[in-house]
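A structural walkthrough
In case you want the letters, here they are:
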Amino acid sequence: MAGQKIAPPPAVAPETWSALLAGSADFTALAPWSHALDSHCAGLIDLCTGEKRIGQVLGNAGEIFAAVIHRRGGLRWILSMMGEMPDENPMNLIEGMDCLKLELVPKRELGKNDLSVLKAAGFKPDGKGAVWPQFRSWEPGWQPWFINQTEAEQLLADLPRLTAFYELFERYPKLYDERPMTEIPFLPARLPDRPLKPDDLDWQPLLLPPLAGFDPFQASTKHYEELRSLKQQPGREVEFECTMIPAASFHENGRPCLARVGLLVERPSGLVSGTELMSGTVKPGEAAGSMLMKSFLKARALPETIFIAGTRFQPVLQPLCDELNIKLCPVSSLPLLEEAVASLAGFMRGDGF
């Protein structure tokens, strides 16, 4: 929403910042991207909660230099990136990002809030270029945001363990040889008072967690009555997708979040007959059902068949389609709809049509 006031960054204790910046300096000095790929991930176990997280390093390609800690829903995202993705639409991967990130950037890329933290801590990096630490939190549906005290403490616990792991990997470069990509070396919950050894690692195969937020959509009684009153157009076929559009944003509670778009495209013409926008913070299943319902009500007509990409929205939309006698068909791709999404994304970036 234009003109909405942006919330200030969360407060983080000065002593936490000082310790975290010291940890980031140790990580930077190791330069793990010189000997590790982004697929060389490490498993981290929270000492207090037992929660599993996955850490990785970016920078081997010489473009983005960072430590990333994937948490909760982010485990599915990172495992998908490592080659275990089933029939998901790649356009939707961004909605699964849930991580904390330490990125090393040129000073010119730091904002005022980042610079004030570094100045207050008296931080001066070694070297030039991409050596300035920037800390961000990624949550599903939201744009990257400043870390809070709890997230800073999590990074403070995880970053030294990640540094210790990549020190081990530097000493044992064949650590991953003959291991499948999704078999992750987990570190001890508490690090030993010595350098890590290969025997300290617990290699665990990780499977994709189930999709979250895809419960069956249930319209209200009032909406079902309105939908049942609509006439179905025989032979009418449409394509439907509900996906993130990274170029579009909303503001909620003073924070920028991603936008989710629902599109209804007519076959075979490719005409877009329904467009709905919604905050990316709404659960994907709820958003998809609501957007499809609104498209029907605005058009004042029902199709005979709806084609969707893959099966992820099938359990969400099947009850609604069954109620309205609409045939729901999952297919491997939707070329007409993909073209419409690409065109809309380009327009929102300012490319025009």
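Anything mentioned here points back to the structure above.
Now for a look at the structure at hand. Note that this is a predicted model, so its numbers are computed, not measured. (Residues numbered from 1 in each chain as written. Predicted model: local features only at pLDDT ≥ 70, side-chain atom pairs only at ≥ 80, totals over all residues. Heavy atoms only, no water.)

**Overview of the overall build of the protein**
We count it as follows: The numbering of helices and of strands both runs from the N terminus, where a helix is a DSSP run of H or I of at least 4 residues and a strand a run of E of at least 2. Think of it in three bands: residues with accessible area under 20% of the maximum for their type are buried, residues over 50% are exposed, and the middle band is partly exposed, with areas taken using a 1.4 Å probe on protein chains only. Residues are treated as being in contact if the distance between any of their heavy atoms lies within 4.5 Å. For every accessible area listed, the method is Shrake-Rupley and the probe measures 1.4 Å; residues are considered covered only by the protein chains on display. Only four residue types enter the tally: Lys and Arg on the positive side, Asp and Glu on the negative side, with His and both chain ends excluded. Charge positions are represented by NZ for Lys, CZ for Arg, CG for Asp and CD for Glu.
Within the protein one finds 8 helices and 14 strands. For the protein, the C-alpha atoms occupy an extent of roughly 70 × 50 × 35 Å along the three principal directions. Per-residue burial for the protein yields a buried fraction of 50% across its 353 residues. Considering only residue pairs separated by 6 or more positions, the protein has 67% of its internal contacts joining residues 24 or more positions apart. Accessible surface, the protein as shown: approximately 17300 Å² in total, 55% of it carbon and sulfur. On the protein, the mean spot of the 35 positive side-chain charges and the mean spot of the 44 negative ones are 5 Å from each other.

**Comments concerning the pairing of strand β6 (residues 183-186)**
Worth spelling out the cut-off: Any two strands with at least two DSSP-identified bridges between them are counted as paired.
Of the two faces of β6, the one carrying Glu183 and Pro185 and the one carrying Ile184 and Phe186 are both buried. One ladder, built from 4 bridges, connects β6 with strand β7 (residues 202-205); its direction is antiparallel. Within the sheet, the bridge partner assigned to Phe186 lies in β7 and is Asp202.

**Here we look at the packing of helix α5 (residues 221-228) against helix α6 (residues 284-299)**
As a reminder, the rule being used: For helices, the fitted axis covers only the stretch in contact; all axes are lines through C-alpha atoms, and the angles between them, taken along N-to-C directions, range from 0 to 180 degrees. The cut-offs work like this: below 35 degrees is roughly parallel, past 145 is roughly antiparallel, 65 to 115 is roughly perpendicular, and the gaps in between are oblique. If you view the pair so one helix is near and one far, a crossing is left-handed when the near helix is turned anticlockwise from the far one by less than a right angle, and right-handed when it is turned clockwise. Under the scheme applied, nonpolar residues are Ala, Val, Leu, Ile, Met, Phe, Trp, Tyr, Cys and Pro; charged residues are Asp, Glu, Lys and Arg; polar residues are all the others, including Gly.
Axis separation between α5 and α6 bottoms out at 10 Å; the angle between their running directions is 45°. Judged by the angle between their axes, α5 and α6 are oblique. In this structure, the crossing between α5 and α6 has a hand that is left-handed. On α6, the residues touching His223, Glu226 and Leu227 of α5 are Met293, Phe296 and Leu297. Of the residues in the contact of α5 with α6, the class split is 4 nonpolar, 1 polar and 1 charged.

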